[in-house]
Amino acid sequence: MTSIAISGASGKLARMIVKSLRAITQQPLVLLSRTPSALIGVSPNVEPRFADFGNVDTLGHAMAKVDRLILISTNVLSADGRRQRQHRAAIDAALAAGVRHIVYTSFLKADSSPLSAMTADHAATEAMLQESGISYSILRNAFYDDLALQFLERADADGRIIHATGSGGVAYVTRQQCADAAAVAVSGEFSGRRILDITGPKAITMSGLATLASARLGRPFTAVQVSKQGLVEHMVAATVPPESAATLAWIDDGIAKGAGEPASADYERLTGRKAPALAL
């Protein structure tokens, strides 16, 4: 029977993927983690294994007798290329072990996003897979719906959401949606090469988010557009540290330039289920 491995198995997304897999298959699961002891007994027919993508010596055993792998992007965010090296080590180990298919959790517009500093590691990893010759499913996940809540949390007391997203929208996705997509992609028999955009059913502008939040949360919200610099100044005046304000404004500007859209029907085509609307 096909053996499926999931990297980063102690993380939130990986645990959701395990539950999603168990709802559709009883295939044996190998849970790769730097803390495998924490995963004992999490689900029937699973084998926790130690794996550290920063230590290639651990990866031969970790990938042994694995047929299909879900490579969840690591949470190392640095400018020194460390995450790319980790992903390279995982892909090389998978190839050496005879893994037949890799499902990689990437990011929307990985190779063309205006937020290129955020997506560069994903673009590099996609290129590694494309050059490797292995069969793959690249799942380009949109912004999690957590971002919508963060926008609402930064609203002023009177409900004004000061933003610099312009008319750009975000096709918010849930973690559960991403987990379900990964589970379906890895448990099937697909053996080609594909890139799928995993998004919500529509891209929601900041004005649309304000309207939705007003209806759902029982208090008025209004979207107020300002410039990128105007947003930085507004947040700093509201005691947000300047560096954090600059980062948030950068994300807003990226959304204005299309980083969060368009919405895609790939999730429905892959899973046979409709993408859920944004819930607040």
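Residues numbered from 1 in each chain as written. Predicted model: local features only at pLDDT ≥ 70, side-chain atom pairs only at ≥ 80, totals over all residues. Heavy atoms only, no water.

Chemist: So, helix H4 (residues 116–132): which residues are in play, and what are the values?
Modeler: Compared with the 24 Å implied by 1.5 Å per residue over 17 residues, the 23 Å span of H4 between its first and last C-alpha is a close match. Considered for burial, the residues of H4 that qualify are Thr119, Asp121, His122, Ala124, Thr125, Glu126, Met128 and Leu129. Those residues of H4 that are buried are in contact with helix H3 (82–97), strand E5 (101–107), strand E6 (135–141) and strand E9 (193–198). Phi for glycine 133, located one or two positions after H4, is positive at around 90 degrees. (Helix = DSSP H or I, 4+ residues; strand = E, 2+ residues; numbered from the N terminus. Expected span 1.5 Å × (residues − 1). Buried < 20%, exposed > 50% of the residue type's maximum accessible area, 1.4 Å probe, protein only. Contact = heavy atoms within 4.5 Å.)

Chemist: Before we move on, can you summarise the sheet that holds strand E2 (residues 29–33) with the specific residues and values?
Modeler: Taken in spatial order, the seven strands line up as E3-E2-E1-E4-E5-E6-E9 in an open sheet, and their pairing is parallel. Looking at strand neighbours, the two that pair on one side only are strand E3 (46–50) and E9, the edges of this open sheet. Geometrically, the sheet is characterised by an average inter-axis angle of 20 degrees between neighbouring strands, direction not taken into account. Sitting on the sheet, helix H1 (residues 12–24) is in contact with strand E1 (4–6), E2, E3, strand E4 (68–72) and E5, with an inclination near 155 degrees to E1. Here H4 sits on the sheet and contacts E5, E6 and E9; the angle it forms with E5, its principal contact strand, is near 160 degrees. (Pairing = 2+ DSSP bridges. Axes fitted to C-alpha atoms, helices over the stretch in contact; angles between N-to-C directions.)

Chemist: Which residues make up the packing of aromatic side chains, and what values go with them?
Modeler: For any pair of aromatic rings, the description consists of the separation of the ring centres together with the inter-plane angle of the planes. Inspection of the entire model under this criterion finds one aromatic pair. Relative to phenylalanine 143, the ring of phenylalanine 107 has its centre 5.1 Å away and its plane inclined at 85 degrees; by these criteria the two rings are edge-to-face. One end of the pair, phenylalanine 107, is in strand E5; the other, phenylalanine 143, is in the loop between E6 and helix H5 (146–153), with 36 residues separating them in the sequence. Each of the two residues, phenylalanine 107 as well as phenylalanine 143, counts as buried. Here the guanidinium or amino end of arginine 194 rests over the ring plane of phenylalanine 190, the centre of that ring lying 3.9 Å away. (Phe/Tyr/Trp six-rings, centres within 6.5 Å; stacked < 30°, edge-to-face > 60°. Lys NZ or Arg CZ within 6 Å of the ring centre and 35° of its normal.)

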